[in-house]
Amino acid sequence: MPVIRGHDHDLDWWASPAGDPKDVARQLDQELGRTRLRRVRGADAESTTPCAICGDRYPPHHLLANSRSAAPVCPACIFDQEQRYRTDLPYLAAQLDEVAWEDLSFPAGWDAVASVLALCCGPNLARRLEDEIGRRRGMPVLSSRWHQPLRDSWVWLPSPEDRHAAFARLGAGATLPALAEALEHHDPGLRAAAKSICREAGVRWRDTLWHVAVAYAVAFSTQAFERHRHRKPVHVVHSTGDGLSQINDPFGVRGEPMNIEGGLEAILEQLLFPLLLGHGLLDEPREPARIYGATAEDSRAPRRRTDAHVSHDTDRAAQVAVILGMVPGYKSATRIWDGPAGTMTEADALRSAAPSSDLVAELRQEMRLLLAGFLYDAHGSLQATADDAWQRLGW
Ligand SMILES: [Zn+2]
């Protein structure tokens, strides 16, 4: 009897050559789905590294950076507007292939990311990417999904007990045309509904958008079911709004990236997430089981504000500006600190709070930044304003 062997040691099966090939295929498929789910759930103990943007925790090698200098993030955040660097597509594509090849438990959402890039970033993408990767002395061979994106982009489905009825007849995963066909067979009006949502959102329809939206909806729903103790990745709805137009030339999205970004956001929130998950981002129910440490039996350390360090740093910088009164409309901390002395009795004796030299002015500015950062870290964005700075530490 032959052994059919995957590239993964859990995936060894014995198949009888006398058996019906359809039964063998079905068995293989079930085993693949079960093994993957076991692996994803098994990776939970290693899921300790927070995504730099949303703070959800993953095994470190499941987070990818969009370029060499960027911080690694989860698939829901790769196109987020808080990304500090533009996407270097040859770099990201090589990583996407590597993680998909080496690890059966990789987050399902990465397949959606690869699909949108492969389908939207212009003709002959695979050859152009391979040329560039070769020039950088990397391994210039990309998987077939970059060569034939519509035919070979493949997305994992949730396990049979969690999946939507439309996908009941499909295997552990499926190609984008098979997924779109299954959805439209289940609800023949679905594509027309997507078109009208796009019309209302001022987005130009193209069939590629539909396939990309299906890839996103299915892949991130699968991720929601598989990683059932983690944040549901519906925040991807807001993370598609900017990054697709931030891909370095000559690999950028062809046509108007806004049509893909806006179309994805509208179709996911209004149509496909409600269909597959029962809600979108805006009406996401609170699920304590997905919040670290929220229930008594959950021993995972609660999420800290600094976990999502890219978002935290951005918020912190903005908030420090608020605390220091550098934002129009807020009380000016500079005037308070450097102007006439306040009305307090002790302050009267000082007459003026103006710095006596440039050195003092610089030192004060340094102190202000430190104190404003301290206020933000200690009290969070809602508690710390320019008034707080004055009341708590301004004197
Ligand atoms: Zn994230």
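It should be noted that the structure appears before, not after, this text.
Position numbers for residues count from 1 along each chain, tracking the sequence in the order it is written. This being a predicted model, a pLDDT of at least 70 is required before a residue's local features are given, and a value of 80 or more before pairs of side-chain atoms are given or counted; all residues contribute to the totals for chains, interfaces and linings. With hydrogens and water stripped out, all remaining heavy atoms of the structure feed into the side-chain values.

**As for empty space enclosed by the protein**
Turning to step 1, where the next piece is worked out: Detection works on a 1 Å grid of protein atoms alone, calling trapped sets that fit a 1.4 Å probe cavities and calling open sets with protein on both sides within 12 Å along at least five of seven lines pockets, with lining residues defined by an atom within 4 Å of a point. Grid points are joined across faces, edges and corners, and a volume is the space filled by probe spheres set on the points. As enumerated under the stated definition, the model contains two cavities of 30 Å³ or more in all.
Turning to step 2, where the next piece is worked out: What the largest cavity holds in volume is close to 50 Å³.
Turning to step 3, where the next piece is worked out: If you go around the largest cavity, the residues you meet are Leu157, Pro158, Asp162, Arg163, His164, Phe167, Val218, Ser221, Phe225 and Leu276.
Turning to step 4, where the next piece is worked out: Examining the composition of the lining of the largest cavity, we find that three residues originate from one element, helix α9 (residues 207–226), more than from any other.
Turning to step 5, where the next piece is worked out: For this scheme, ten residues count as nonpolar: Ala, Val, Leu, Ile, Met, Phe, Trp, Tyr, Cys and Pro. Four count as charged, namely Asp, Glu, Lys and Arg, and the remainder, Gly too, count as polar. Here the residues of the lining of the largest cavity sort into six nonpolar, two polar and two charged. Under the scheme used here, helices are H or I runs from DSSP no shorter than 4 residues and strands are E runs no shorter than 2 residues, and both carry numbers assigned from the N terminus.

**Remarks on the packing of α9 against helix α11 (residues 257–277)**
Turning to step 1, where the next piece is worked out: All axes are obtained by fitting lines to C-alpha atoms, using only the stretch in contact for helices, and the reported angles, taken between N-to-C directions, cover 0 to 180 degrees. As a packed pair, α9 and α11 sit with axes 9 Å apart at the nearest point and diverge in direction by 50 degrees. Our classification of the angle between α9 and α11 gives oblique. Seen from above, α9 lies across α11 with right-handed handedness. On the side of α9, the interface is formed by Leu209, Trp210, Val212, Ala213, Val214, Tyr216, Ala217, Val218, Phe220, Ser221, Ala224 and Phe225, while α11 contributes Asn259, Ile260, Gly263, Leu264, Ile267, Leu268, Leu271, Leu272, Phe273, Leu276 and Leu277.
Turning to step 2, where the next piece is worked out: Counted by class, the contact of α9 with α11 contains 20 nonpolar, three polar and no charged residues. Orientation labels follow simple angle bins: below 35 degrees gives roughly parallel, above 145 gives roughly antiparallel, 65 to 115 gives roughly perpendicular, and whatever is left gives oblique. By definition, turning the near helix anticlockwise from the far helix through less than a right angle yields a left-handed crossing, and turning it clockwise yields a right-handed one. When checking whether two residues touch, look at their non-hydrogen atoms; a contact exists if any pair is within 4.5 Å.

**Observations concerning the pattern of salt bridges**
Note on pairing: side chains with opposite charge can pair once their charged atoms come close.
Turning to step 1, where the next piece is worked out: The salt bridge criterion pairs a side-chain nitrogen of Lys or Arg with a carboxyl oxygen of Asp or Glu, the two atoms within 4 Å. On inspection of all chains with the given rule, the structure shows 20 salt bridges.
Turning to step 2, where the next piece is worked out: For arginine 191, the salt bridge identified is with glutamate 184, shortest N-O distance 3.2 Å.
Turning to step 3, where the next piece is worked out: The buried label applies to any residue whose accessible area, calculated with a 1.4 Å probe on protein chains only, is under 20% of its type's maximum; exposed applies above 50%, and partly exposed to all values in between. Using a relative accessible area of 22% as the deciding quantity, one classes arginine 191 as partly exposed.
Turning to step 4, where the next piece is worked out: Three or more residues joined by partner-sharing salt bridges are found here, namely Asp44, Arg229, Asp298 and Arg300.

In short, geometric facts, not functional conclusions.
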